[in-house]
Amino acid sequence: MSYKWIEWAMKIQSISKNGLAFSKDVFDIERYEQLQKLSAEILSEYSELEMESVLNLFHQEKGYQTPKVDVRGVVFKDNQILLVREKNDKKWSLPGGFCDVGLSSSENIVKEIKEESGYEVKAKKLLAILDMNKHPHPPQAYHYYKIFIQCDIIGGESKIGIETQEIDFFAEHALPKLSLSRVTESQIYLLFEYLRDPNKETIFD
């Protein structure tokens, strides 16, 4: 799903960050800082994000701007998919999160699933790499690529983590209320296609 205003805000933010990363001229730096504030104002005006929160996020980012990487684990059991209930919004999602520096995508998802659900898994197949902006996620301050990796359970047991409050498996057409910033209903329907057709090719956009 495309929101032109958020596309413009993110482009302005990216230009400002790239300018701040390379500019030496004090007047150029001032102009790029103004652009950064402008992009934060746009995001705050048209979303539920607070201006100060957006600026704090932007100030944490240093160097040349690239999309962030979010990895999500796809675990099936008895024709149902593993979901975890997030503590911060009380809604359900595939286990996962930002990729940590120093770990590969498969190492990251194995770690995330263990921490959030208690299950020990083995990464099996890359199912999809999706651009957040092409799917019906709510507006967010950053541009994300979402990586979906199918995993098989090899041990462990259901156990809540620091960020989760409930763990369960759900049938395709009996999904709970989803945390849409993390995963959408249409994405989960897409993932079930791989359960029905293990030879389905990886999807990217």
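Since the model is a prediction, treat every value here as computed from it, not as a measurement.

Novice: So what exactly am I meant to see when it comes to the overall build of the chain here?
Specialist: Check the secondary structure of the chain and you find five helices and eight strands. When the helices and strands of the chain are placed in sequence order, the string is α-α-α-β-β-β-β-α-β-β-β-α-β. Considering the chain as a whole, with its 205 residues, one finds that 42% of them fall into the buried category. Taking as baseline every contact in the chain between residues at least 6 positions apart, the subset at least 24 positions apart corresponds to 68%. With 26 positive and 33 negative side-chain charges, the chain shows a spacing of 1 Å between the two charge centroids.

Novice: What is the right way to read the environment of Ile-153 from this model?
Specialist: Here Ile-153 lies in strand β6 (residues 144-156). For the pair formed by Ile-153 and Glu-120, sequence separation is 33 residues and the distance between their alpha carbons is 5.9 Å. Among all residues touching Ile-153, those that are not within four sequence positions of it are Val-75, Tyr-119, Glu-120, Val-121 and Phe-169.

Novice: Hey, could you run me through the pairing of strand β2 (residues 80-86) in this one?
Specialist: Successive side chains on a regular strand alternate, one facing one side of the sheet and the next facing the other. Counting buried positions along β2 yields five of seven residues, so the element is predominantly enclosed. Two elements, strand β1 (residues 68-77) and β2, share two bridges in a ladder whose sense is antiparallel. By the bridge assignment for β2, Phe-76 is matched with Ile-81. Pairing of β2 with strand β7 (residues 164-170), which is carried by six bridges, proceeds in the antiparallel orientation. Residue pairing in the sheet places Leu-83 in a bridge with Asp-168 of β7. Summarising the sheet, β2 and strand β3 (residues 92-93) pair through two bridges and their orientation is antiparallel.

Novice: I keep staring at helix α4 (residues 105-117) and nothing clicks. Help me out?
Specialist: Its 13 residues give α4 an end-to-end C-alpha distance of 18 Å, which sits within 8% of 18 Å, the value for a rise of 1.5 Å per residue. If you check which residues of α4 are buried, you get Asn-108, Ile-109, Glu-112, Ile-113, Glu-116 and Ser-117. Projected down its long axis, α4 carries its buried residues within an arc of 125°, all on one side. Count one or two residues on from α4 and you reach Gly-118, which has phi positive near 90°.

Novice: Mind showing me how you'd approach unusual backbone geometry here?
Specialist: For residues other than glycine, phi is negative in most cases, and the peptide bonds are mostly trans. For Asp-78, which is not glycine, the phi torsion reads 55° and is therefore positive. Considering the arrangement of structural elements, one finds Asp-78 in the loop between β1 and β2. Its identity is not glycine, yet Asn-79 carries a phi of approximately 65°, on the positive side. The topology assignment puts Asn-79 in the loop between β1 and β2. What makes Asn-79 exposed here is its relative accessible area of 59%.

Novice: Would you mind going over the nonpolar core with me for this structure?
Specialist: Soluble globular proteins tend to bury their nonpolar side chains together. Membership of the largest hydrophobic core comes to 19 residues, with the highest contact counts inside it found for Val-74, Ile-81, Leu-83, Leu-94, Phe-148, Ile-188 and Leu-191. At the level of secondary structure, the elements contributing two or more residues to this core comprise β1, β2, β5 (119-131) and α5 (185-196). Among the nonpolar cores identified, the runner-up in size contains 13 residues, and Val-75, Val-84, Ile-113 and Ile-149 belong to it.

Novice: Even after reading the chapter, I still don't get the layout of surface pockets, so can you show me in this structure?
Specialist: Within this model, the largest pocket holds a volume of roughly 820 Å³. Together, 32 residues line the largest pocket, and Arg-72, Asn-88, Ser-179, Ser-181 and Arg-182 are the ones closest to its centre. For the lining of the largest pocket, the element with the highest residue contribution is α4, accounting for four residues. A class-by-class count of the residues in the lining of the largest pocket yields eight nonpolar, eight polar and 16 charged.

Novice: How do you make sense of the side chain of Lys-17 when you look at a structure like this?
Specialist: Tracing the sequence through the fold places Lys-17 in helix α1 (residues 4-22). At a separation of 3.2 Å, a polar atom in the side chain of Lys-17 contacts the side chain of Gln-36.

Calculation rules
- Residues numbered from 1 in each chain as written.
- Predicted model: local features only at pLDDT ≥ 70, side-chain atom pairs only at ≥ 80, totals over all residues.
- Heavy atoms only, no water.
- Helix = DSSP H or I, 4+ residues; strand = E, 2+ residues; numbered from the N terminus.
- Buried < 20%, exposed > 50% of the residue type's maximum accessible area, 1.4 Å probe, protein only.
- Contact = heavy atoms within 4.5 Å.
- Lys, Arg positive; Asp, Glu negative; His and termini not counted.
- Charge placed at Lys NZ, Arg CZ, Asp CG, Glu CD.
- Pairing = 2+ DSSP bridges.
- Expected span 1.5 Å × (residues − 1).
- Arc of directions from axis to C-beta.
- Core = buried A, V, L, I, M, F, W, Y, C linked by side-chain atoms within 4.5 Å.
- 1 Å grid on protein atoms, 1.4 Å probe; cavity = no way out; pocket = protein on both sides within 12 Å on 5 of 7 lines; lining within 4 Å.
- Points joined across faces, edges and corners; volume = space filled by probe spheres on them.
- Nonpolar A, V, L, I, M, F, W, Y, C, P; charged D, E, K, R; others polar.
- Polar contact = N/O pair within 3.5 Å; in protein donor to acceptor, adjacent residues only side chain to side chain.

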